[in-house]
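A closer look at the structure
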Amino acid sequence: MHLGPVQQTLLVPLWARAQEAHEAVPILLDPKAAAIYADLAYDFSPLENAHASRVGCCVRGRLVDSWVREFLLRHPHGTIVELGCGLNGRFERVDNGLARWIDLDLPDVMELRRRFFDEGPRRTSLAASVLDDAWIEHVAAEAQGHVLFVSEGMFVYLHEEEVRSVFERLAARFPGAQIAFDAMTPLVLRHQEHHDAMRHFAARFTWAVPDARIVESWDGGIRIEASRRFYDLLYERARRLPRVARWLGRALAVLYPPLKRAYTLNLARLGIPPDAAPGSFHDTRLVRHPS
Ligand SMILES: C[S@@+](CC[C@H](N)C(=O)[O-])C[C@H]1O[C@@H](n2cnc3c(N)ncnc32)[C@H](O)[C@@H]1O
């Protein structure tokens, strides 16, 4: 398995989801992750004590799964585009038998992914960087109905101008689409050398913002419609954390409240016209431009 430094980070959420198979009450059920984990010749032992990342990846995945399920209930024939998909099997977890799925990641990841995931008429993949130009038109050509972009753990490895450019290009091309994404504050960036999982990897977080709502100031009529603090999601599952981490995390958050909003999961709407009344712009269809 040959993966570049940032690509290797996919192993953390994969490992976390696979471990859930051993839990009496799993946060997220993912037999596919367990099968891939068993098949990969990789030494995951340095992650053994990464308890917060293990629970954290699963609560994050579970929330995003729930947003995707809600989207599919409203738009059963819509399109999910998973950006930086890694070895995530969200399709296996939440597909409704009708939607269109497009998975995108860097070429070496997609090569590995093809060992484990099949494509079909409703499910295709793109080997590309989100920073490339061509993939957006590929998605526009293949997408059906309403579109939800999902980016879980990917933007944090880009730079601000790169993240902004992706958001603005998507907003211009897919007005009315939604995007689920995570964002961290500079606090996490400053302390990443102590991150329980990331300290075992060469890649580093590079995008941090004081507040995820900064995306609303970018071009393209972007509005955050839902936001959850990772801290709350993690501590809803506090019993899954070691006792010391449980009390230490809570005590630190009391002493230093910004810790509670250091990492957020967000759902935003793209391409809202400037004159739209609040709440009035929902669920427009993908606009197809003549090629
Ligand atoms: C932490 S992993 C998350 C993987 C997956 N979303 C999950 O939750 O299991 C980050 C992923 O982002 C991908 N990634 C990083 N930069 C990217 C880029 N410029 N274009 C596409 N994918 C990228 C990496 O290859 C990796 O698969």
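Residues numbered from 1 in each chain as written. Predicted model: local features only at pLDDT ≥ 70, side-chain atom pairs only at ≥ 80, totals over all residues.

1. What about the overall build of the protein chain?
Scanning the protein chain from terminus to terminus reveals 10 helices and 7 strands. Against the compact-globule benchmark of 19 Å for 291 residues, the protein chain has a radius of gyration of 18 Å, which places it among compact chains. Overall size of the protein chain, expressed as C-alpha extent along the three principal axes, is 55 × 45 × 35 Å. Sorting the 291 residues of the protein chain into buried and exposed places 36% on the buried side. Across the protein chain, every contact between residues at least 6 apart in sequence was considered, and the portion connecting residues at least 24 apart equals 74%. (Helix = DSSP H or I, 4+ residues; strand = E, 2+ residues; numbered from the N terminus. Rg over C-alpha atoms; globule rule 2.2 N^0.38 Å. Buried ≥ 20, exposed ≤ 12 C-beta atoms within 10 Å, placed from the backbone. Contact = placed C-beta atoms within 7 Å.)

2. Some thoughts on the nonpolar core
Ranked by size, the top nonpolar core spans 71 residues in total, and within it L14, V81, L148, F149, V150 and L170 carry the most contacts. A total of 10 residues in this core trace back to one element, the largest contributor, which is helix α3 (residues 51–74). For L170, the residues in contact, after removing those within four places along its chain, are F149, A177, I179 and L270. (Core = buried A, V, L, I, M, F, W, Y, C linked by C-beta atoms within 7 Å.)

3. Focus: the environment of C58
For C58, the location among the structural elements is in helix α3. Sequence-distant contacts of C58, that is, excluding residues within four places in its chain, are made with A16, R17, E20, I27 and L28.

4. Quick word on the pairing of strand β4 (residues 147–151)
Counting buried positions over the 5 residues of β4 gives 5, a clear majority of the element. Of the two faces of β4, both are covered, the one formed by V147, F149 and S151 as well as the one formed by L148 and V150. Regarding topology, helix α7 (residues 160–173) serves as the crossover connection from β4 to the parallel strand β5 (residues 178–184), and that connection is right-handed. (Right-handed = clockwise from strand over helix to strand, strands pointing away.)

5. Observations regarding the site of the ligand
The immediate surroundings of the ligand are formed by 20 residues, with P13, G84, G86, N88 and G153 found nearest. Class assignment for the residues of the shell around the ligand results in 11 nonpolar, 7 polar and 2 charged. (Near = placed C-beta within 6 Å. Nonpolar A, V, L, I, M, F, W, Y, C, P; charged D, E, K, R; others polar.)

6. Quick word on the packing of helix α1 (residues 11–19) against α3
Packing of α1 against α3 brings their axes to within 8 Å, and their N-to-C directions diverge by 90°. It follows from the interaxial angle that α1 and α3 lie roughly perpendicular. Residue-level contacts link V12, P13, A16, R17 and Q19 of α1 to S53, R54, C57, C58 and G61 of α3. (Axes fitted to C-alpha atoms, helices over the stretch in contact; angles between N-to-C directions. Parallel < 35°, antiparallel > 145°, perpendicular 65-115°, else oblique.)

7. Focus: the sheet that holds strand β7 (residues 263–269)
What the 7 strands build is an open sheet, ordered β3-β2-β1-β4-β5-β7-β6; its pairing is mixed. Only two strands of the sheet have a single partner each, and these edge strands are β3 (123–127) and β6 (223–229). Looking at each pair of strands side by side, their axes are set apart by 20° on average, direction ignored. Where β6 lies against β7, 6 bridges are found, and the strand directions are antiparallel. The partner of S227 across the bridge, within β7, is N266. (Pairing = 2+ DSSP bridges.)

8. A word on the packing of α1 against helix α2 (residues 31–39)
The interhelical angle for the contact between α1 and α2, taken along N-to-C directions, is 115°, at an axis separation of 8 Å. Between α1 and α2, the interaxial angle falls into the category roughly perpendicular. Of the two elements, α1 crosses α2, and the hand of that crossing is left-handed. Contact residues: L14, W15, R17 and A18 in α1; A33, A34, I36 and Y37 in α2. Across the contact of α1 with α2, the residue classes break down as 7 nonpolar, no polar and 1 charged. (Left-handed = near helix turned anticlockwise from the far one by under 90°.)

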